[in-house]
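Residues per chain, in single letters:
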Amino acid sequence: VSTPRAARPCALILAAGQGKRMKSKIVKLLHPVAGRPAVAHVVKAARSVPCRRIVSVLGVQAAEVRSAIEEAARDGSRSKGIRPEFCAQKKQLGTAHAVLAAARILGAERGALLILNGDVPAAKPETLRALLYRHREAGASLTVLTTNLDDPQGYGRIVRGMDDSLQAIREQADIAGDASLEEIREINAGLYCVELEGLFEALRKTSRGNAQGEYYLPDLVGVLRAGGKRVEAMCHDDPTEVLGINTRADLALVSKAIYARKAKELMLEGVTLLDPGTTYVDVGVTVGRDTTLYPNVRLEGRTKIGEGCVVHSGVRIAESVLANGVLVLDHCVVTEAVVGAGARVGPFAHLRPGSVLGSGVHVGNFVETKKTRLRDRAKANHLAYLGDADIGREVNVGAGTITCNYDGWEKHRTVLGDGVFVGSDTQLVAPVKVGRGAFIGAGSTITKDVPADALALSRVRQQTIRGWAVKKRREMAGRGKSRSGRR
Ligand code: UD1
Ligand code: CA
């Protein structure tokens, strides 16, 4: 979309509150929703409207909220992106008071301002654009986004006149017990478009004479109407987009809505989700066509999954990259890993940060890798710990192989050349290098480097005593003892 800069609105994000109803040490807006802090969703939406300036009001845990907003403004930006701006609300005296905190920074601006509650993360940019459009078309001073909820409890109610015009917004705390108001299902979404001209003067006319002793932004409706200004309400038909987060129950509801939307997006792009309701794909994740996600899969952060992959149930993949045609069997945990084309992982594999798998690699059940590279077509099919290792092409790592990478003080590296064969139950005591094409006999403890094409063995020679068991049984029988399985 290329909107002329002058036509772009400014945005103001209200992000100063604590969020007491969350009962959390962490400020409400930093709680993650589908992989990013709640407030980050609002910043992203404002960015894609697009807005000319994005100002946020900070208060509680200002430094942390600020960095979450900066991060959201930064990442994924194709255009140069705009630098977010901040202002401080020292005491949280209400939403109107919060907007007033921006008087200095926005006082000289004219035109439309989108005011966005920081705790309403699911609104789509197109909905905000529609709000802006409607506002301009109507020549309104204020346009409030509303929706109808089956359970409007907790939200400000929209009071309309006989002619359907917006008369007032009444807060939950102020209408308790007034059935005629409480049963209104149309609510204030906490997303507004307002003309900057005269805004701050009007806000100064709001009062704290209400149940919460706060300056209410919704009271702007009354102030502007009294001044003969035009106020509008635009009712949005998708309530899931405008749900606010006040409690952890709201957090769950909003997360679910965002996950559902992401799941639908993926399906429309050619990804199969066997059960979208139990597939949790964070908003920043990409998944290629013809990939299948089984139930109970979580894809987190900025994970990228290629085309034609299959991810089975119980798998969590975070901040990782999977190339095309990767098969991830059930119950794997994959974090900060890179998996090459056609690789096969799991079931029950654990790829920890810094794991890099080449193409066609197999990592099987109960194999753990960390800061380890397995080059193309290397295999570790069963029961192994591979840490701080560089494993060459087509290496076969036998069952029960362990890199002893830690000596109690430091981590050391293990290097296996191309085509090495590691017999089962081998310990590789790092630092150690095995040259290309070498063999390690099963059950070995390798403490010294092995040259290319050698066989290294470190185990006690086997002793075999013929007839020993016959003698032993006879001796025990003489003492009146028998053993099951005796011949
Ligand atoms: C607000 C609206 C309500 C609406 C609902 C939608 C008011 C008075 N009420 O209620 O009509 O239905 O949102 O979700 O506005 N904040 C500050 N500084 C403050 C107070 C709040 O920055 O002094 C921020 C909060 O961090 C939050 C946002 O403003 O992001 C909304 O505040 P909150 O207390 O959650 O308002 P609600 O009670 O949900
Ligand atoms: Ca709220």
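Quick notes on the overall build of the chain
Of regular secondary structure, the chain possesses 11 helices and 39 strands. Relative to the 2.2 N^0.38 estimate, which gives 23 Å for 487 residues, the radius of gyration of the chain is 32 Å and therefore markedly larger than a compact globule would have. Projected onto the principal axes, the alpha-carbon positions of the chain cover approximately 110 × 55 × 45 Å. Out of the 487 residues in the chain, the part that is buried amounts to 47%. Once local pairs closer than 6 in sequence are excluded, the contacts in the chain between residues at least 24 apart make up 44%. The centroid of the 71 positive side-chain charges in the chain is displaced by 9 Å from the centroid of its 51 negative side-chain charges.

Re the pattern of salt bridges
Within this structure, the stated rule accounts for 19 salt bridges. Here Lys 28 ties to Asp 119 by a salt bridge, and the two come within 2.9 Å at their closest N and O atoms. Highlighted residues: Lys 28 in the loop between β1 (10–15) and β2 (32–33) and Asp 119 in the loop between β6 (112–117) and α5 (125–138), separated in sequence by 91 residues. The class for Asp 119 is buried, based on a relative accessible area of 11%. The salt bridge partner of Asp 390 is Arg 375, with a shortest N-O separation of 2.9 Å. Taken together, the positions of Asp 390 in strand β30 (residues 389–391) and Arg 375 in the loop between β28 (373–374) and β29 (379–387) put the pair 15 residues apart, joining distant regions of the chain. Connected through shared salt-bridge partners, Arg 52, Arg 53, Glu 85 and Glu 109 make up one network.

Observations regarding the site of ligand 1
Every one of the 24 residues lining ligand 1 counts as a neighbour, but Gln 89, Gly 94, Thr 95, Glu 171 and Asn 188 are closest to it. Taking Gly 94, its main chain carries an N or O atom lying 2.8 Å from an oxygen atom of ligand 1. In the model, an oxygen atom of ligand 1 is placed 2.9 Å from a nitrogen or oxygen of the Asn 117 side chain. The fraction of the free accessible surface of ligand 1 (760 Å²) that becomes covered by protein chains is 93%. Contributing elements (two or more residues each) for the shell around ligand 1: β1, α3 (95–100) and β10 (186–195). When residues in the shell around ligand 1 are grouped by element, the largest group, 3 residues, is from β10. Broken down by class, the residue content of the shell around ligand 1 amounts to 9 nonpolar, 11 polar and 4 charged.

So, the coordination of the calcium ion (ligand 2)
Ideal values differ by geometry: the angle at a metal is 109.5 degrees with four tetrahedral donors, but 90 or 180 degrees with six octahedral donors. Protein ligation of the calcium ion (ligand 2) involves Asp 119 (OD) and Asn 246 (OD1), the donor distances falling in the range 2.1 to 2.4 Å. With Asp 119 in the loop between β6 and α5 and Asn 246 in the loop between β11 (231–236) and α10 (248–268), this residue pair connects regions lying 127 residues apart in the sequence. Asn 246 carries the same exposure label as Asp 119, and that label is buried.

Looking at the pairing of strand β16 (residues 297–300)
On a regular strand, one side chain projects to one face of the sheet and the next to the other, so that they alternate. Direction of pairing for strand β13 (residues 279–281) relative to β16: parallel, over a ladder of 3 bridges. Note on β16: the bridge partner recorded for Tyr 280 is Arg 298. Note: β16 against strand β19 (residues 316–318), 3 bridges, orientation parallel. Bridge pairing links Leu 299 to Ile 317 in β19.

A word on unusual backbone geometry
For the peptide bond that leads from Val 49 to Pro 50, omega is -5°, which places it in the cis range. Examined against the element boundaries, Pro 50 turns out to sit in the loop between α1 (38–48) and β4 (53–58). You will see that His 331, though not glycine, has its phi angle at about 60°, which is positive. Within the chain, Asp 425 stands out as a residue other than glycine whose phi angle is a positive 55°. Structurally, Asp 425 can be placed in the loop between β34 (421–422) and β35 (427–429).

A word on the nonpolar core
Across soluble globular proteins, nonpolar side chains show a tendency to be buried alongside one another. Counting 50 residues, the largest nonpolar core has Leu 299, Leu 374 and Ile 391 as the members making the most contacts within it. Residue assignment for this core shows that the elements contributing at least two residues are α10, β16, β27 (362–370), β29, β30 and β36 (432–434). Considering every element that reaches this core, the biggest residue donor is β29, with 3 residues. Among the nonpolar cores identified, the runner-up in size contains 37 residues, and Ala 72, Leu 131, Leu 191 and Val 242 belong to it.

Some details on the state of the cysteines
Counted according to the given criterion, the structure contains 0 disulfides. For the unlinked cysteine Cys 10, the closest cysteine sulfur is that of Cys 51, found at 7.8 Å. With no disulfide of its own, Cys 332 has Cys 309 as its nearest cysteine by sulfur position, at a separation of 13 Å.

Here's the deal with the sheet that holds β36
An order of β14-β17-β20-β23-β26-β28-β30-β33-β36 is seen for the 9 strands of this open sheet, with the pairing classed as parallel. The sheet terminates laterally at β14 (286–287) and β36, the two strands that pair on one side only. Bridge count between strand β20 (residues 321–322) and strand β23 (residues 338–339): 2 bridges; the pairing is parallel. Within β23, the residue paired with Val 321 across the bridge is Val 338.

Observations concerning the environment of Val 287
Structurally, Val 287 can be placed in strand β14. C-alpha separation for the pair Val 287 and Val 271, spaced 16 residues apart in sequence, amounts to 7.1 Å. Not counting chain neighbours up to four residues away, the residues in contact with Val 287 comprise Leu 266, Val 271, Leu 299 and Ile 305.

So, the packing of α1 against helix α2 (residues 62–74)
In the contact formed by α1 and α2, the axes pass within 9 Å of each other and the chain directions differ by 40°. Comparing their axes, α2 and α1 come out oblique. Judged by the sense of rotation from one axis to the other, the crossing of α1 with α2 is right-handed. Within the contact between the two elements, α1 uses Val 39, Ala 40, Val 43, Lys 44 and Arg 47 and α2 uses Ala 68, Ile 69, Ala 72, Ala 73 and Arg 74. Class assignment for the residues of the contact of α1 with α2 results in 7 nonpolar, no polar and 3 charged.

What counts and how
Along each chain, residues carry numbers from 1 onward, in the same order as the chain's sequence is written. Chain letters and ligand numbers both follow the written order, the letters beginning at A and the numbers at 1. Given that the model is predicted, a residue must reach a pLDDT of at least 70 before its local features are reported, and side-chain atom pairs must reach 80 or more before they are shown or counted; all residues, however, enter totals for whole chains, interfaces and linings. Only hydrogens and water are set aside when side-chain values are computed; all heavy atoms of the structure are taken into account. The secondary structure listing takes helices from DSSP runs of H or I that are at least 4 residues long and strands from runs of E that are at least 2 residues long, numbered from the N terminus. We take the radius of gyration over the C-alpha atoms and set the globule estimate at 2.2 Å times the residue count to the 0.38 power. Think of it in three bands: with a 1.4 Å probe and only protein chains considered, a residue is buried below 20% of the maximum accessible area for its type, exposed above 50%, and partly exposed in between. The contact definition used throughout considers only heavy atoms, calling two residues in contact when any of these lie within 4.5 Å. Neither His nor the chain ends contribute to the count of charged residues, in which Lys and Arg are positive and Asp and Glu negative. Lysine's charge is taken at NZ, arginine's at CZ, aspartate's at CG and glutamate's at CD. A side-chain nitrogen of Lys or Arg and a carboxyl oxygen of Asp or Glu constitute a salt bridge if their distance falls within 4 Å. For each residue, the test is whether any non-hydrogen atom lies within 4 Å of the molecule or strand; if one does, the residue is near. Whenever two N or O atoms come within 3.5 Å, that pair is a polar contact, provided that in protein one can donate a hydrogen and the other can accept it, and provided that, for residues adjacent in sequence, both atoms are side-chain atoms. The Shrake-Rupley method, run with a 1.4 Å probe, gives the accessible areas here. Residue values count only the displayed protein chains as cover. Residues are grouped as follows: Ala, Val, Leu, Ile, Met, Phe, Trp, Tyr, Cys and Pro are nonpolar; Asp, Glu, Lys and Arg are charged; all remaining types, including Gly, are polar. For Na, K and Ca the donor cutoff is 3.2 Å, while for all other metals N, O and S atoms must lie within 2.8 Å; water is not among the atoms, so some sites may look incomplete. Should DSSP find at least two bridges between two strands, the strands are regarded as paired. Remark: nonpolar core denotes a set of buried residues (Ala, Val, Leu, Ile, Met, Phe, Trp, Tyr, Cys) joined through side-chain atoms within 4.5 Å. Cysteine sulfur atoms that come within 2.5 Å of each other are treated as a disulfide pair. Throughout, an axis means a line fitted to C-alpha atoms (over the contacting stretch in the case of helices), and angles, computed between N-to-C directions, take values from 0 to 180 degrees. We call two directions roughly parallel when the angle between them is under 35 degrees, roughly antiparallel when it is over 145, roughly perpendicular when it lies between 65 and 115, and oblique otherwise. If you view the pair so one helix is near and one far, a crossing is left-handed when the near helix is turned anticlockwise from the far one by less than a right angle, and right-handed when it is turned clockwise.

By themselves, these observations are geometric and do not establish any function.
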